[in-house]
2 protein chains.
Amino acid sequence: MKTVTIKDVARHAKVSISTVSRVLNESGYVSEQTSQRVWRAIEALNYKPNQLARSLTTGRSRTIGLVLPDITNPFFPAVARGVEDAANVNGYTVILCNTDADPEQEKAYVTALREKRVDGFVFTVSGPDASTILGLIEADIPVVVIDRCVEGASVDSVLIYNEQWAYEATMHLIGLGHRAIAYINGPDDLTTSKERYAGYRKALADAGVSFNPALVRTGDFRYPSGHARMRELLASGQEVTAVFAANDMMAIGAMRAIQEWGLRVPEDIAVVGFDDILLASLIKPSLTTISQPAYHMGALAVEMLLERIGGAQGGEARTKICHARLVVRESCGGRREEFGTRNRGVGQP
Amino acid sequence: MKTVTIKDVARHAKVSISTVSRVLNESGYVSEQTSQRVWRAIEALNYKPNQLARSLTTGRSRTIGLVLPDITNPFFPAVARGVEDAANVNGYTVILCNTDADPEQEKAYVTALREKRVDGFVFTVSGPDASTILGLIEADIPVVVIDRCVEGASVDSVLIYNEQWAYEATMHLIGLGHRAIAYINGPDDLTTSKERYAGYRKALADAGVSFNPALVRTGDFRYPSGHARMRELLASGQEVTAVFAANDMMAIGAMRAIQEWGLRVPEDIAVVGFDDILLASLIKPSLTTISQPAYHMGALAVEMLLERIGGAQGGEARTKICHARLVVRESCGGRREEFGTRNRGVGQP
DNA sequence: TTGAAAGCGTTACCAG
DNA sequence: CTGGTAACGCTTTCAA
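About the criteria used
Residues numbered from 1 in each chain as written. Chains lettered and ligands numbered in written order. Predicted model: local features only at pLDDT ≥ 70, side-chain atom pairs only at ≥ 80, totals over all residues. Heavy atoms only, no water. Contact = heavy atoms within 4.5 Å. Buried area = accessible area lost by both parts, 1.4 Å probe. Salt bridge = Lys/Arg side-chain N within 4 Å of Asp/Glu carboxyl O. Polar contact = N/O pair within 3.5 Å; in protein donor to acceptor, adjacent residues only side chain to side chain. Helix = DSSP H or I, 4+ residues; strand = E, 2+ residues; numbered from the N terminus. Nonpolar A, V, L, I, M, F, W, Y, C, P; charged D, E, K, R; others polar. Near = heavy atom within 4 Å. Expected span 1.5 Å × (residues − 1). Buried < 20%, exposed > 50% of the residue type's maximum accessible area, 1.4 Å probe, protein only. Arc of directions from axis to C-beta.

Participant: Account for the interface of chain A and chain B, with residues named and values stated.
Facilitator: Between chain A and chain B, the residue contacts involve 48 residues of the former and 47 residues of the latter. Carbon and sulfur atoms supply 59% of the area that chain A and chain B bury against each other, a total of about 4600 Å² over both sides. On the surface where chain A and chain B come into contact, there are 4 salt bridges. As a salt-bridge pair, Arg81(A) and Asp100(B) come within 2.7 Å of each other at their nearest N and O atoms. Scanning the region where chain A abuts chain B turns up 23 residue pairs in polar contact (both at pLDDT 80 or more). Among the secondary structure elements, those contributing two or more residues to the side of chain A that touches chain B are helix H4 (51–58), helix H5 (75–89), strand S2 (93–98), helix H6 (103–115), helix H11 (248–260) and helix H12 (278–282) of chain A. No other element matches S2(A), which puts 6 residues into the side of chain A that touches chain B. Residue classes in the side of chain A that touches chain B are distributed as 23 nonpolar, 13 polar and 12 charged.

Participant: How would you summarise the protein's contact with DNA strand C if you had to cite specific residues and measurements?
Facilitator: Near DNA strand C you find 25 residues, and of these Arg22(A), Thr34(A), Ile6(B), Tyr47(B) and Thr57(B) are the closest. For DNA strand C, the fraction of atoms within 4 Å of the protein that belong to sugar or phosphate moieties is 56%. A distance of 2.9 Å separates a base nitrogen of DNA strand C from a polar atom in the side chain of Ser18(A). Within the backbone of Asn50(B), an N or O atom sits 3.0 Å from a phosphate oxygen of DNA strand C. Among the secondary structure elements, those contributing two or more residues to the surface near DNA strand C are helix H2 (17–25) and H4 of chain A together with helix H2 (17–25) and helix H4 (51–58) of chain B. Residue composition of the surface near DNA strand C, by class: 9 nonpolar, 13 polar and 3 charged.

Participant: Explain helix H3 (residues 32–45) of chain B to me, using residue names and the numbers behind them.
Facilitator: All names here are of chain B. Between its first and last C-alpha atoms H3 spans 20 Å; for 14 residues at 1.5 Å apiece the expected length is 20 Å, and the two agree. Along H3, the residues classified as buried are Thr34, Ser35, Val38, Ala41 and Ile42. Down the axis of H3, the sector holding all buried residues measures 125°, keeping them to one side. Turned more than 90 degrees from where H3 packs its buried face, Glu32, Gln33, Arg40, Glu43 and Ala44 sit exposed. The inward-facing, buried residues of H3 contact helix H1 (6–13) and H2.

None of this, on its own, says anything about what the molecule does.
If you want it as structure tokens, here you go:
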């Protein structure tokens, strides 16, 4: 496998490699005639510049690392598409890594990607440990954190008002007359979980509904944990007429547990989720949830990242807050979904 | 951002860069004492080798490209996890690309990845055009094709017997007494579609059920197309008592269309899918489908790829056939799902 | 408008 | 066991 190099092109076109480089990068002057000759040589030889070599000299790899906890949660593929598309438009490639919500994995990936000299990171942190992010900042490597914030670090981030939207979700249930509202949280140490939990409690407080700690459980954002926590709640004998889960995967798990227990959704227990993954509108009953613009958030993160990469290193950390909204469907009874307005993330402008 | 290089380490440890390289790669002899000193320097300086430079000299990037049509179809994230995990175990990084089933995108990605000098590709082709694959083969770049085969090219591949399993699926419906069985195919030009279609027809033929071309429609493997094709079928006035869709996303779309039409699944129309994405077991009614070991297929593809990368360039193209199976659930009435044995892909050994 | 040559950070070969 | 020194393929001054 003899690779064609810039040298071969130069020889073929009977010019110096500097000239080939110039026409390739459209840098510096080169006569129309020579340029033609070089292009012909490039095509004749089917030459592809070696980006590795290029990166080594320029110091930029035109690659960004995307670090996510779990690509099998449909929320993240939507984010990933947004990141990928926005990156591609700008000539960047994305390396996607799954941490399985494991901080060790996360560290390992970041190390590997740093060694590959990615130009920046888009991140959904897997745990409360800020050290990885801090390491990046210290090394002056651009990072944008998405969906979760990092306590103790000043980073660019793309977020939604988790507390507010959890508040809305809970209020919706309260508005439907529910008082025994269980809450299944995500991992306690994530800001996302804390904020959504805070929203839940604030809603209860504002509505004068007494808070019952026995109705709160902690999951890990995955389907089985929602299922298991819901079973526990049902088995506990506590009265529960509604459940709010910190994300859709857990909400769906909870719904399933309720049905397996012989109860009906929403007649016996209402369910509300968070994220609005595609699945939420497809299951029966369809799931009331908070719709996050996942695709958009990914794309936005890349834009912010590229600005940093483009030089705007200094300055304060910036935070973009994205809009979310409550999508009412069947899983909590009451009103019906506004048709045709739901936001799937992928494919949205 | 002054990056620490091997030179700095050498200076700090008072040895030559050759020595540092040796301890780093555990190549050649180096005294215990020197080694210690070098390691201390590496840690003191927090040195990270530049993989770009390393790749440039060694000629291998320890990166593989994963090219998939659509990461928002849950089948592919499962494959991706398999690929990623297997790659990581072997010290490889994965660059994941979505082609949106667009051959142009596919070409663009392959070009970009080749320029980045990935060591090999794992591929699910988006179309019938073999030229991209042929280009790779010609350039002696290892490729493993997954889930679909490429006509006119001799490539390593990881497949299942699509025809056989489509046959089983159809036979299952026939066995339940159905005769008016519609079929919603994937894109006509993909081998996967052709084979599944062939299985459908063979089952009809073997059972002596007459084939009705008006009952066959073509979708694109995505939810909306399954929904639309099913609506058309219903609107056509043709008698339909069962539908077999070439993948789960379309089957779920079809199911929804049936329900929106005011009919019940499975009482009025039975539905069978193909893939066994997680979603298939979560919806109501749960979906009878052919279970493919997505995660395993991804991992297997990487193993095959690494063997090629490891030198086994010559020889015939190899094909690994993975086992699939029919998972009977609620969407077609009749028997119930065997509990606890379903294969989700991710998480499986 | 073009060419020569000095790196970029590593590895690998060859002396010592 | 260790050090020097060509590559690797490309960009980027600096001269011409």
